[in-house]
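Commentary on secondary and tertiary structure
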Amino acid sequence: MSKEMILIVDDEENIRRTIRAILEDEGYAVREADSGSKAFTQLQDGQVDLVITDVWMEDIDGLKLIDFINNSGIDVEIIVISGHATIEVAVQATKKGAIDFLEKPLSFEKLLLSISNALKHRKLKIGNRWLLEQASREVQLIGTSPAYQKLVHDIELAAPSEGRVLIYGENGSGKEMVARSLHMKSLRADMPMVDINCAAIPDELIESELFGHVKGSFTGAHETRKGKFVVANGGTLFLDEIGDMSLRTQAKVLRVLQENAVTPVGGTRSISADVRIIAATNKNLAQAIEDGSFRQDLYYRLNVIELHVPPLRERIEDIPPLANHFIQQFADERKVPPKTLVPKAMDMLKMYNWPGNVRELQNLMERLMIMVRENTVTVQDIPYPINRSGDNDDSHHPLRLKEAREAFELNHMMKVIRMSGNNMSKAAELLGIERSYLYRKLKQYGIEPETIRQNKR
Ligand SMILES: Nc1ncnc2c1ncn2[C@@H]1O[C@H](COP(=O)(O)OP(=O)(O)OP(=O)(O)O)[C@@H](O)[C@H]1O
Ligand SMILES: [Mg+2]
């Protein structure tokens with residue numbers, strides 16, 4: 001384990017020297033700075049665990065230094081020492097986040113105890129953060145439709161096996177999420193999942209990406225580099241868009257899968273790697289094999305377990321929970337209140353055919369969260385071409401007169417409400433109806449008048 005690094009900030013050289021000697025005796029790594037600004041520079045590389053700072057200094061004093069640290073997001077513990085300690089300064093320092101305050105002349109016993117407490121605190125904090133990150137990496141697969149539940153069930157079965165998995169699915173249907181979920185539920189979850197998008201990397205580079213290369217093996221290979229197969233050792237390698245891999249690379253990948261070892265480009269010795277392969281494609285590989293653009297032997301190697309992610313239009317029940325999930329996700333991230341779709345707007349989403357699948361739905365929800373001012377999203381807010389699905393644009397689903405009237409009525413009421421700055425009494429007056437009637441009407445369309453009223457301008 002590397003030594004913990006402590007930065008001593010004091011304009012008196014004597015003090016720095018004495019503290020340094022003690023800390024080095026205790027096995028800490030030590031840095032010094034004789035001013036707040038130099039201390040701040042010393043912190044930039046993120047190597048420091050703990051700052052011990054004096055208060056009174058020229059240029060930037062100890063308290064200002066704490067402000068600088070807080071604003072920059074540098075993560076260190078801070079102990080403040082001072083010879084002219086007033087309670088007020090001590091309180092201020094702790095409020096700003098210093099973990100302890102010690103008076104000069106220093107009792108070195110107290111100082112060491114304070115340091116050891118601060119570093120213990122830091123370890124716990126970092127440990128907790130890691131746990132939180134782990135927890136948030138748990139992939140949450142939303143979808144209650146029978147088709148999606150079948151997939152979730154198959155993932156549960158496939159994940160703990162070591163079997164190679166081939167994931168089929170249209171663009172944006174959630175293949176990568178399935179791969180991530182397989183990894184997180186597998187025995188390799190503590191090790192990395194490394195992914196490579198075979199379609200995004202030019203053919204000349206893909207071998208070096210996958211297998212690594214030795215220095216000087218080709219123009220531009222300035223450093224020896226580990227391939228993704230080696231980086232993923234002990235974990236999972238996700239080969240995304242496998243259908244776009246050239247035949248040449250396919251042959252090499254096949255060899256790696258047969259031998260469980262890779263030879264870096266320009267290298268002579270092979271390196272063994274214990275890697276579970278998950279591959280994904282939106283292409284029909286059976287067709288590609290027939291066309292001669294995909295190797296059949298590689299296909300059989302990859303395709304031990306085959307999973308299909310159904311397109312969104314084949315699992316309409318999943319649209320509302322997914323839409324709400326994305327709204328909530330956006331709201332949490334940006335710290336804004338979530339919006340609600342009126343039932344008719346949700347129906348519109350259900351009628352659309354979603355060529356871009358879940359990703360397209362996610363993008364739409366983001367757009368609505370940004371562009372719609374009110375807390376409710378109505379049919380008028382749904383953009384083209386989604387608003388054209390199932391309405392009067394073609395012969396198979398013309399609106400019934402009643403539906404057309406309702407659509408107009410809601411549209412018009414909302415327009416007038418917006419015009420009157422969400423003032424419901426004023427809107428009712430303009431519409432020539434009773435306020436209570438307007439409330440009833442809105443409720444009938446699934447709109448909560450209270451939420452509109454709260455946004456009165
Ligand atoms: N079941 C689900 N629950 C929650 N979010 C999902 C679900 N399925 C997909 N998503 C989200 O939809 C987006 C698209 O998913 P993903 O990237 O996994 O799709 P893909 O099939 O790999 O897409 P592409 O074909 O573009 O590579 C992502 O932001 C993902 O988080
Ligand atoms: Mg993908």
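Within every chain, residues take consecutive numbers counted from 1 along the sequence as written. Going through the entries in the order they are written, you letter the chains from A and number the ligands from 1. In view of the model being predicted, local features appear only for residues whose pLDDT reaches at least 70, and side-chain atom pairs are presented and counted only at 80 or more, with totals across whole chains, interfaces and linings using the full set of residues. The basis for every side-chain value is the complete set of heavy atoms in the structure, and neither hydrogens nor water enter the calculation.

Our next topic: empty space enclosed by the protein. Only protein atoms enter the 1 Å grid used here. Points where a 1.4 Å probe fits but cannot escape make up a cavity, open sets with protein on both sides within 12 Å along at least five of seven lines make up a pocket, and a residue lines them when an atom lies within 4 Å of a point. Grid points are joined across faces, edges and corners, and a volume is the space filled by probe spheres set on the points. Summed over all chains, the structure comprises one cavity of 30 Å³ or more. Forming the boundary of the largest cavity are Arg164, Phe229, Val256, Leu257, Asn260, Ala273, Val275 and Ile277. For the lining of the largest cavity, the per-class residue count stands at six nonpolar, one polar and one charged. In this count, Pro and Cys sit with the nonpolar residues alongside Ala, Val, Leu, Ile, Met, Phe, Trp and Tyr, while Asp, Glu, Lys and Arg are called charged and the others, Gly among them, polar.

Attention now moves to the site of ligand 1. If you check the shell around ligand 1, you find 19 residues, and the closest are Ile142, Tyr148, Lys175, Arg359 and Gln362. Counting of polar contacts relies on pairs of N or O atoms within 3.5 Å, with two restrictions inside protein: one atom must be capable of donating a hydrogen and the other of accepting it, and residues adjacent in sequence are counted only when both atoms are side-chain atoms. Separating an oxygen atom of ligand 1 from a side-chain N or O atom of Arg359 is a distance of 2.6 Å. A distance of 2.6 Å separates an oxygen atom of ligand 1 from a polar atom in the side chain of Gln362. In isolation ligand 1 offers 630 Å² of accessible surface; the protein chains occlude 86% of this area. For the purposes of this entry, the term helix denotes a DSSP run of H or I that reaches at least four residues, the term strand denotes a run of E that reaches at least two, and both are numbered from the N terminus. If you list the elements that add at least two residues to the shell around ligand 1, you get α7 (175-184), α13 (319-334) and α15 (357-371). Classifying every residue of the shell around ligand 1 gives seven nonpolar, seven polar and five charged. A molecule or strand has a residue near it when one of that residue's heavy atoms lies within 4 Å. Areas reported as accessible are Shrake-Rupley estimates using a 1.4 Å probe. Residue values count occlusion only from the protein chains shown.

Another point: the domain arrangement of the protein chain. It is common to give the size of an interface as the accessible area lost on bringing the parts into contact. Where each domain starts and ends comes from a domain assignment, either automatic or drawn from a database. Taken as a whole, the protein chain is organised into domain 1 (5-135), domain 2 (146-310) and domain 3 (315-454). Taken over C-alpha atoms, the centre of domain 2 sits 42 Å from the centre of domain 3. Note on contacts: a residue pair qualifies if any of its non-hydrogen atoms lie within 4.5 Å across the two residues. Residue-level contacts link eight residues of domain 2 with eight residues of domain 3. Taken over both partners, the interface formed by domain 2 and domain 3 buries close to 570 Å², and the fraction arising from carbon and sulfur atoms is 41%. Interface area lost by domain 2 to domain 3 is led by Tyr148, Gly172 and Pro310, which between them contribute 53%. Here a salt bridge means any side-chain nitrogen of Lys or Arg lying within 4 Å of a carboxyl oxygen belonging to Asp or Glu. For the pair domain 2 and domain 3, the interface holds zero salt bridges. Counting every contact that joins domain 2 to domain 3 gives six residue pairs in polar contact (both at pLDDT 80 or more). Classifying every residue of the side of domain 2 that touches domain 3 gives four nonpolar, three polar and one charged. Throughout, buried area stands for the accessible area (probe radius 1.4 Å) lost by two parts on being put together, summed over both.

The next point concerns helix α3 (residues 62-72). Turning to α3, its buried residues are Gly62, Leu63, Leu65, Ile66 and Ile69. Along the axis of α3, the buried residues cluster in a sector spanning 155°; they form a single face. Of the surrounding elements, those touching the buried residues of α3 are β1 (5-9), α2 (36-43), β3 (50-54), β4 (77-82) and α4 (87-95). The distance from a side-chain oxygen at the start of α3 to the backbone nitrogen of Leu63 is 3.0 Å, and the residue carrying that oxygen is Asp61. The buried label goes to any residue with under 20% of its type's maximum accessible area, the exposed label to any with over 50%, and the partly exposed label to all in between, with areas taken from a 1.4 Å probe on protein chains only. To be clear, the arc concerns the directions from the helix axis to the C-beta atoms.

Turning our eyes to something else, we now look at unusual backbone geometry. In this structure, Pro105 follows Lys104 across a cis peptide bond, with omega equal to -5°. Turning to its location among the elements, Pro105 is positioned in the loop between β5 (100-103) and α5 (108-137). Residue Pro385 is reached from Tyr384 by a cis peptide bond, and omega for that bond is 0°. Assignment of secondary structure puts Pro385 in the loop between β16 (376-377) and α16 (401-419). In this structure, Asn357 is a non-glycine residue whose phi angle is positive, near 55°. Along the chain, Asn357 turns up in helix α15.

The final tally for this structure, using the stated rule, is 28 salt bridges. Residue Arg313 pairs with Glu170 through a salt bridge whose shortest N-O separation is 2.6 Å. Here Glu170 lies in the loop between β6 (165-169) and α7 and Arg313 lies in the loop between β14 (305-309) and α13, a separation of 143 residues in the sequence. For Arg313, a relative accessible area of 33% corresponds to the partly exposed category.

Think of it this way: a Phe, Tyr or Trp ring, Trp meaning its six-membered ring, pairs with another when their centres are within 6.5 Å, and the plane angle makes it stacked under 30 degrees, edge-to-face over 60, tilted otherwise. In the structure shown here, the tally under the stated rule is four aromatic pairs. Ring geometry for Phe211 and Phe229: centres 5.9 Å apart, planes at 25°, overall stacked. With Phe211 in helix α8 (residues 203-211) and Phe229 in helix α9 (residues 228-231), this pair connects stretches of sequence that are 18 residues apart. Judged by centre distance (5.5 Å) and plane angle (65°), the ring pair of Tyr299 and Tyr300 falls under edge-to-face.

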